[in-house]
Amino acid sequence: MRADYLTVAVRTGGEGAGGVSLLLIEGDAPGLSRTKLKKMGWWASDTATLHFDGCRVPAENLIGEEGQGFKIIMQNFNSERMGMAAGLYRLCARLRRGEAIAYAKERKTFASRSHSTR
């Protein structure tokens, strides 16, 4: 709803991944409107439905090469997923460590009577 610029995947060619390109669209472009998306879950994310009605975008707003948009998106997802996986791994390691320490503190390993070394 508040973005000044939008990166949009658009069909510029035939069917399939090879027909997708990326465009940079100014947030106040004529013919572009937005409606807030009612959703469950991640409310902090500013998500909207974009509506294009006669919205024209200059050819120089093409990001990368025509027909390579899907490839660019997938390359972005690779690094994004690696970052998310690393963050989750760190969280799991922290939780495992906390659980292990809590268990070690309550665990009984030897009988409570004292043993002499005579």
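Above this note sits the structure.
## Here's the deal with a nonpolar patch on the surface
Then comes step 1: Nonpolar side chains collect at one region of the surface, where Leu88, Leu91 and Leu95 lie side by side and expose about 280 Å² of accessible area between them.
Then comes step 2: Inspection of the secondary structure puts Leu91 in helix 1 (residues 69–106).
Then comes step 3: Classification of Leu91 as partly exposed rests on a relative accessible area of 37%.

## Re the nonpolar core
Then comes step 1: Core analysis: the largest hydrophobic core is formed by seven residues, namely Leu6, Val8, Leu23, Ile25, Ala29, Leu32 and Cys55.
Then comes step 2: For this core, the secondary-structure elements that each account for two or more residues are strand 1 (5–11) and strand 2 (20–26).
Then comes step 3: Not counting residues within four places of it along the chain, the set of residues in contact with Leu6 comprises Leu23, Leu24, Ile25, Leu32, Arg34 and Leu50.

## Topic: the environment of Ala3
Then comes step 1: Within the fold, Ala3 resides in the segment before strand 1.
Then comes step 2: Ala3 sits in the partly exposed class, given a relative accessible area of 33%.
Then comes step 3: When the C-alpha atoms of Ala3 and Ala93 are compared, they prove to be 36 Å apart, with 90 residues separating the residues in sequence.
Then comes step 4: Aside from chain neighbours lying at most four places away, what touches Ala3 is Gly27 and Arg34.

## Side note on the sheet that holds strand 1
Then comes step 1: Spatially, the three strands line up as an open sheet ordered 1-2-5, and their pairing is antiparallel. Strand pairing shows two members of the sheet lacking a second neighbour, strand 1 and strand 5 (62–63), which therefore form its edges.
Then comes step 2: Direction of pairing for strand 2 relative to strand 5: antiparallel, over a ladder of two bridges. Bridge pairing links Leu23 to Leu62 in strand 5.
Then comes step 3: Along the sheet, helix 1 contacts strand 1, strand 2 and strand 5; its crossing angle with strand 2, the most-contacted strand, is approximately 80 degrees.

## Thoughts on the environment of Gly67
Then comes step 1: Residue placement: Gly67 occurs in the loop between strand 5 and helix 1.
Then comes step 2: Taking the C-alpha atoms as reference points, Gly67 and Val10, separated by 57 residues in sequence, lie 9.4 Å from one another.
Then comes step 3: Beyond its immediate stretch of four places on either side in the chain, Gly67 contacts Thr12, Ala17, Gly18, Val20 and Ser21.

## Quick word on the side chain of Asn61
Then comes step 1: On the secondary structure map, Asn61 appears in the loop between strand 4 (48–52) and strand 5.
Then comes step 2: A distance of 2.7 Å separates a polar atom in the side chain of Asn61 from the backbone oxygen of Leu24.
Then comes step 3: If we skip the residues at most four places from it in the chain, Asn61 touches Leu22, Leu23 and Leu24.

Procedures and definitions
- Residues numbered from 1 in each chain as written.
- Predicted model: local features only at pLDDT ≥ 70, side-chain atom pairs only at ≥ 80, totals over all residues.
- Heavy atoms only, no water.
- Patch = residues over 30% accessible without salt bridge, like charges linked within 9 Å, V, L, I, M, F, W, Y side chains within 5 Å.
- Areas by Shrake-Rupley, 256 points an atom, 1.4 Å probe, with all protein chains shown as cover.
- Salt bridge = Lys/Arg side-chain N within 4 Å of Asp/Glu carboxyl O.
- Helix = DSSP H or I, 4+ residues; strand = E, 2+ residues; numbered from the N terminus.
- Buried < 20%, exposed > 50% of the residue type's maximum accessible area, 1.4 Å probe, protein only.
- Core = buried A, V, L, I, M, F, W, Y, C linked by side-chain atoms within 4.5 Å.
- Contact = heavy atoms within 4.5 Å.
- Pairing = 2+ DSSP bridges.
- Axes fitted to C-alpha atoms, helices over the stretch in contact; angles between N-to-C directions.
- Polar contact = N/O pair within 3.5 Å; in protein donor to acceptor, adjacent residues only side chain to side chain.

Spatial relationships are all this shows, so hold off on functional conclusions.
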